[in-house]
Each structure stands twice: as C-alpha cells, then as structure tokens.
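# What the coordinates show
Residue strings, one per chain:
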Amino acid sequence: LSIYLVITYYSTLTSSYSGPIETMVHAIHLAPSSEFKINLETDKLILHGNVDESSGVILRGSVTMDCAEATKVKTVSLKFIGKMKVAWTEGVGSHQRFHKDERTIYEHEWSFLPPRKKVYHLGAGQYKWDFELPLPGDLPETIEGSEHGQVYYKLKALAERPTFSMNFVDKRPVQVRRYMLPSALELSQSLLIANEWAGKMSYEISVPCKVYSGGDVIPITFDLTPIAAELKARYVTCTLKEYCTYTAGEHVKSDSRIVKFLRDDEFPCSGDRWTKIELLRVPHIGTNMQTDAETEMIKIKHKLKFTVSLINLDGHISELRAAVPIVISSVSHAEEVNALPAYEDAWKSMPYDPEVLRQLIASGGMPRSLGVAVPNAAASSAHQHPNSDEDDEASNDDRLPWDISGIDLSRVPSYTTAVRSNRLYSFSGSLPTYESISVPGVAR
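Definitions and limits used
- Residues numbered from 1 in each chain as written.
- Predicted model: local features only at pLDDT ≥ 70, side-chain atom pairs only at ≥ 80, totals over all residues.
- Heavy atoms only, no water.
- Helix = DSSP H or I, 4+ residues; strand = E, 2+ residues; numbered from the N terminus.
- Buried < 20%, exposed > 50% of the residue type's maximum accessible area, 1.4 Å probe, protein only.
- Contact = heavy atoms within 4.5 Å.
- Areas by Shrake-Rupley, 256 points an atom, 1.4 Å probe, with all protein chains shown as cover.
- Patch = residues over 30% accessible without salt bridge, like charges linked within 9 Å, V, L, I, M, F, W, Y side chains within 5 Å.
- Salt bridge = Lys/Arg side-chain N within 4 Å of Asp/Glu carboxyl O.
- Pairing = 2+ DSSP bridges.
- Axes fitted to C-alpha atoms, helices over the stretch in contact; angles between N-to-C directions.
- Phe/Tyr/Trp six-rings, centres within 6.5 Å; stacked < 30°, edge-to-face > 60°.
- Lys NZ or Arg CZ within 6 Å of the ring centre and 35° of its normal.
- 1 Å grid on protein atoms, 1.4 Å probe; cavity = no way out; pocket = protein on both sides within 12 Å on 5 of 7 lines; lining within 4 Å.
- Points joined across faces, edges and corners; volume = space filled by probe spheres on them.
- Nonpolar A, V, L, I, M, F, W, Y, C, P; charged D, E, K, R; others polar.
- pLDDT = per-residue confidence, 0-100.
- Core = buried A, V, L, I, M, F, W, Y, C linked by side-chain atoms within 4.5 Å.

- Per an unreviewed UniProt entry, the chain goes by Arrestin C-terminal-like domain-containing protein and derives from Umbelopsis vinacea.

See the structure below:
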C-alpha cells in the first residue's frame, strides 16, 4: 500500500501565466504487510522485598518483524525508559504559579541493527531479536492515575526506514510492583486501639492486618462498653483516607482525599456491651486510589479513621474519633504471604547437575537468555549478508557478526546467565558433580 505525495510548483515568473509548470509525485510506502511488535514474557515486573532487600528483577522479551515482502530498514532499536513526574498549579490570578519536575529513573537502549551508510535489505520472513535487562531492586513502583504525579515505565521499538517510507514503531507499557517478603512485620501485624474516653465509655477498635490491596474487604471490629448512664449510639463511620505529598525542587504540595466511606446508622447500643464488625471494601487500584509509595518526589500514605457519634443523657452530642495507619499494597495479604520468588531467584537455589540443566534447556524449561540481545537466524543474516542495491557491492567492512554485535564485552555474565544459554555454556561432562566433591574431615 502506498500513498502518493503530489507536489505542484506554480509559476512566479510572469503574471500572465497562472497554471502549474511542474508536478512531482512521490510514493510514501506504508507497507502494512510488515508487522513490527514487542513481545514480553510479562508486562508486570515483581520486586520482592523493600529497596534494601530486593535483588531486582529481569525484563525479558523479544522484538519481532514479520515481513511479507522485501523490506528496507536503516536501523532497528529498542529503548526502555522509566520516568517520574510531578506538576501542579497553586495560587490564583497574577499570583498563580506552576511547579513541575521530571526525572529519568532508568534508561537502556539496544541497537539490533546499528546505523550504517547502506540500508539493510530484509527478505520476506520473520526477524526476531530476544533481549533481557536486569533491573535494580530499588526501582519505585508504578504510579498511575494520581492527579499531580506519576511513575511509569515503557518500551519503545523503532525500525527506521528510508525517506518516503513510514517508520515501524511499537510501544509497550511495563508495570513495576513490589511484594513484601513473607517475613515482613507488616504482614503479621494487627492493629488495636483501646482506651477509656472522657468517662463515657471504654472502647476497643481492632483490624486483623495492616496490609490490604484493591478489592480487599477490611473487617473492623468495634467493642464498646458504655460507662455513662443512658448513653446511646447515633452512628459509626469508617473512612479510608489517602495522603499525598509531591515535591518539585524546593516546592512541596500536600493533598488528602477520602477514597472510601462507610456509615452505619443502626449500630447496636443495647446492653452492657456494644459489638459489631463493620466491613469496608477497598477500592481497586487506579484513578480512585493509589498504593503506598515512598520516593523522593512522591509520597503516598493511607489511614483508617473512625468516628462514634453518641447521644448523652441530656441530649447533647459527643463524638469519639480515632485513626490508625494502614498499608495499601499492589497485592493482598494472602498473595503477599503465598507469593513465590522470582524464577531467577528460585533457580539460584538449585544444585548444579549437568544432566538436569541439559534436560531443562532441551524441554524449553530454561529459555535462552543473554545479557543484551539474541537475534534469530533470519535476523542474524541481516548482519552477515547486508544486501545492497543491485548495482552496488556490499563490502566486508559493512558486515557485523551477530554473535558480538550489541553485546557489552566489558560485562562478565553471571553464572545464572551463563548456564541458561546454550551458546555460552557447554556441558562437556568433564566437570565433577556436586556429590563427587568431598570436604576433608566431613563425612558424606
């Protein structure tokens, strides 16, 4: 499919002739038959533990280009970027001020087909470049839907094409979430407020856990014992409130909002002890509510607030108020406790066995994984055989062997990466097994 760009030049030499003197037609090739796509093992990356505990996570995927016909490209690249932004306006009229700040959290770029003088001629077929990127454990979580700030991560793949041909572009958002370790205190911590209030009543308000997620139900137990005579309950309220602080340089903005409210006008108030469990459902994470966050530019916290409104014997109204901090997480308490470690972390605990490794790779249980990028056979040939126009000869200097192109040779691969790759590791069988190694003085 082509769109034709018509450029018409009009005469400016004489006033007696106003018709066109030259028309040029250029074809803009859209080439819809070529599909260019980013494929991810998962678009939700999980960090286990806080910023001091997490060992990080690996982003894995591939970029594919399906060419139904011969296609010319100048470069093929992929970029991963993470950014944090805040922006708000304060004041009115002539005193109105706009504050904003933007910071790049992380950035990495792969060049699958690097720029050169001659274009790459890709024949019909599928071209694939596998990639992986180790990410540090101190990355902030994704924040979306906040009015004045956001944290986002995305991938952008670009196949740059010659003049008058439309570039191929694909974008994929990536979410970064954080799970607490099962040993985290917050997961086993319950909340309890107990006291005697103004000689009117003693109370206990309890919540069984401190960590909740979107869609969870928070059971709040009220256990009230009236002390003053003829005391009656008007209503009980439970409020989930969100507190946000944004920082842009020296300027700070604080916001708060109610994300969930519950009012019970039929709270039992007969007998010597008033008890009831109120159920407050947490809104789903998104525009209506954010998870807890602690970054240099954005801080988000949550509190549960309680109000017990009472009618005294003389008819005047009294109110008991209390609050407790809670944590809104990306996942629920049950998921936090039962969360499995990341694949790469679990693999590190496996004993070394050449036969087991061979079987895992043969069965596909261990995907090929290099530190930067791995092209398939068709993509490799784009480097090894750079076709040029029919009247040109490709010089040997233009050829880039795929096995070293794009690989940072200054980085030594980890043991995990080495054993996961067919190409980088050879199971010669000459190495002793783990069981065959004996430590002097230690019985086996």
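## A short note on the overall build of the chain
- When its secondary structure is counted, the chain shows six helices and 23 strands.
- Counting the 444 residues in the chain, one finds 41% classified as buried.
- Across the chain, every contact between residues at least 6 apart in sequence was considered, and the portion connecting residues at least 24 apart equals 68%.
- Put simply, the chain shows about 24700 Å² of open surface, and 51% of that area lies on carbon and sulfur atoms.

## Topic: a nonpolar patch on the surface
- The grouping of Val217, Ile277 and Leu279 at the surface amounts to a nonpolar patch, some 260 Å² of accessible area in total.
- Relative to the helices and strands, leucine 279 resides in strand 19 (residues 274–281).
- On the basis of relative accessibility, which here comes to 52%, the residue leucine 279 falls in the exposed class.

## Remarks on the pairing of strand 17 (residues 232–248)
- As judged from the 14 bridges shared by strand 17 and strand 21 (residues 298–311), these two strands associate in the antiparallel manner. Following the sheet pairing, leucine 240 is matched in strand 21 by leucine 304.
- Bridge analysis of strand 17 against strand 18 (residues 251–264) gives 13 bridges, and the strand direction is antiparallel. Its bridge partner lying in strand 18, leucine 240 is registered against lysine 260.
- Between strand 17 and strand 18, which pair antiparallel one after the other, the connecting turn spans two residues, and glycine 249 there sits at a positive phi close to 65 degrees.

## A word on the sheet that holds strand 16 (residues 217–226)
- Strands sit in the order 13-14-16-19 across an open sheet of four strands; the sheet is antiparallel. Of all strands in the sheet, those with a lone pairing partner are strand 13 (191–197) and strand 19, marking the two edges. When the angles between neighbouring strand axes are averaged without regard to direction, this sheet yields 15 degrees.
- The sheet contact formed by strand 14 (residues 201–207) and strand 16 spans six bridges and is antiparallel.

## Looking at unusual backbone geometry
- If you check the backbone angles, phenylalanine 164 has positive phi at about 70 degrees while not being a glycine.
- Relative to the elements of secondary structure, phenylalanine 164 occurs in the loop between strand 11 (149–160) and strand 12 (168–179).
- By relative accessible area, which is 39% here, phenylalanine 164 ends up partly exposed.
- One non-glycine residue, alanine 198, adopts positive backbone phi at about 50 degrees.
- Note on placement: alanine 198 falls in the loop between strand 13 and strand 14.

## Overview of the packing of aromatic side chains
- Per the stated rule, a full pass over the model turns up seven aromatic pairs.
- Each ring, one from phenylalanine 112 and one from tryptophan 129, has its centre 5.7 Å from the other, and the planes form 15 degrees; the classification is stacked. Residue phenylalanine 112 is found in strand 8 (residues 97–113), and its partner tryptophan 129 is found in strand 10 (residues 125–135); the two are separated by 17 residues along the sequence.
- The exposure class of phenylalanine 112 is buried, given its relative accessible area of 4%.
- Assessed through its relative accessible area of 2%, tryptophan 129 is described here as buried.
- Taken together, Phe80, Tyr106 and Tyr153 form an aromatic cluster joined through their ring pairs.
- The ring of tyrosine 120 carries the charged tip of arginine 116 above its face, separated from the ring centre by 3.8 Å.

## Points about the environment of glycine 49
- For glycine 49, the location among the structural elements is in the loop between strand 4 (44–48) and strand 5 (57–67).
- For glycine 49, a relative accessible area of 2% translates into the label buried.
- For the pair formed by glycine 49 and serine 183, sequence separation is 134 residues and the distance between their alpha carbons is 9.4 Å.
- With near-sequence residues (within four places) excluded, glycine 49 lies in contact with Ser54, Arg178, Tyr179, Met180 and Leu181.

## Some details on the layout of surface pockets
- Empty space within the largest pocket amounts to approximately 860 Å³.
- Every element with two or more residues in the lining of the largest pocket is listed here: strand 8, strand 12, strand 20 (293–294), strand 21 and strand 22 (317–329).
- Considering every element that reaches the lining of the largest pocket, the biggest residue donor is strand 22, with five residues.
- The class makeup of the residues in the lining of the largest pocket is 15 nonpolar, seven polar and 13 charged.

## Comments concerning the confidence of the model for the chain
- Within the chain, residue pLDDT values average 79, and 69% of them lie at 70 or more.
- Across residues 367–371 the pLDDT falls below 50, and counting only partners more than four positions away or on other chains, this stretch makes 17 contacts in the model.
- Under a pLDDT of 50 for its full length, residues 415–434 has, in the predicted model, 45 contacts with residues more than four places off or in other chains.

## Considering the nonpolar core
- Among the nonpolar cores identified, the biggest contains 46 residues, and Leu59, Met65 and Leu155 are the most heavily contacted of them.
- Top contributing element to this core by residue count: strand 7 (residues 75–90), with six residues.

## Let's talk about the sheet that holds strand 8
- Reading across from one edge, 4-12-11-7-8 is the order of the five strands in this open sheet, with mixed pairing throughout. If you trace the sheet from one side to the other, it starts and ends with strand 4 and strand 8, each paired once. Each neighbouring strand pair of the sheet contributes to a mean axis angle of 25 degrees, computed without reference to strand direction.
- Direction of pairing for strand 4 relative to strand 12: parallel, over a ladder of five bridges. Considered in strand 12, the bridge of leucine 47 is made with arginine 178.

## Topic: the pattern of salt bridges
- Applying the stated criterion across every chain yields a total of 16 salt bridges.
- Note that glutamate 242 is salt-bridged to arginine 257, the shortest N-O span being 2.9 Å. Of this pair, glutamate 242 sits in strand 17 while arginine 257 sits in strand 18, and the two are 15 residues apart along the sequence.
- For arginine 257, a relative accessible area of 32% gives the class partly exposed.
- Sharing partners across several salt bridges, the network here consists of Glu41, Arg60 and Glu132.

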